[in-house]
Amino acid sequence: MILPCLLVAPTDTMGRGVFTSDFLPSGTVVEISPVIVMSKEDRGWLDKTALHDYIFEWGNDKQSCCMALGYVPLYNHSYASNCEYEMDFDASLMKITTMRDVLAGEELFINYNGNWDDATPLWFRAT
């Protein structure tokens, strides 16, 4: 499920991103997408490819990884994100929910640390 008001468009500094054409109130589920779960060994190979920047650690032990389908891999990072992602390990799904009101035309961001307000430094320079 991807809300029809979401679109992928170029950003000024981060390549592509996910934007909304409608106002989204806080608590809106904007996307629920299936994931493809891969093993620790698969992750070793993926880390050597361009897909490294698009996969997520998976499982309670974070030994596996997943490739989310839908728009999930295209949400850009922000330490002041307006959305949060939730992983459902049993159903192999990821859900994106707004954490504050989001205005029409605004880009949707997630925090790659997993919690929308986690300021832990990432593996790349981020704001």
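Up top you'll find the structure we're talking about.
These remarks concern the structure in this document. If you're wondering where the values come from, they're calculated on a predicted model, not measured in any experiment.

This part is about the packing of aromatic side chains. This structure, assessed with the given rule, holds two aromatic pairs. Relative to Y85, the ring of F56 lies with its centre 5.2 Å away and its plane at 70°, an arrangement referred to as edge-to-face. Of this pair, F56 sits in strand 4 (residues 55-58) while Y85 sits in strand 7 (residues 83-88), and the two are 29 residues apart along the sequence. With a relative accessible area of 10%, F56 lands in the buried category. Between W58 and F89, the ring centres sit 4.8 Å apart and the planes meet at 85°, which makes this aromatic pair edge-to-face. One end of the pair, W58, is in strand 4; the other, F89, is in the loop between strand 7 and strand 8 (93-98), with 31 residues separating them in the sequence. The lysine or arginine in question, K48, covers the ring of W45, its NZ or CZ lying 5.0 Å from the ring centre.

When strand 3 (residues 29-38) meets strand 8, the two strands line up antiparallel, connected through five bridges. Each residue of the ladder has a partner; that of E31, found in strand 8, is I96. Strand direction decides the pairing type here: strand 3 and strand 5 (residues 64-68), joined by four bridges, are antiparallel. Paired with I36 across the bridge in strand 5 is M67.

To continue, consider unusual backbone geometry. Of note, the phi angle at K62 is positive, near 55°, even though the residue is not glycine. In this structure, S92 takes a positive phi of about 55° despite not being glycine. Relative to the helices and strands, S92 resides in the loop between strand 7 and strand 8.

Criteria and thresholds
Residues numbered from 1 in each chain as written. Predicted model: local features only at pLDDT ≥ 70, side-chain atom pairs only at ≥ 80, totals over all residues. Heavy atoms only, no water. Phe/Tyr/Trp six-rings, centres within 6.5 Å; stacked < 30°, edge-to-face > 60°. Helix = DSSP H or I, 4+ residues; strand = E, 2+ residues; numbered from the N terminus. Buried < 20%, exposed > 50% of the residue type's maximum accessible area, 1.4 Å probe, protein only. Lys NZ or Arg CZ within 6 Å of the ring centre and 35° of its normal. Pairing = 2+ DSSP bridges.

By themselves these figures say nothing about function.
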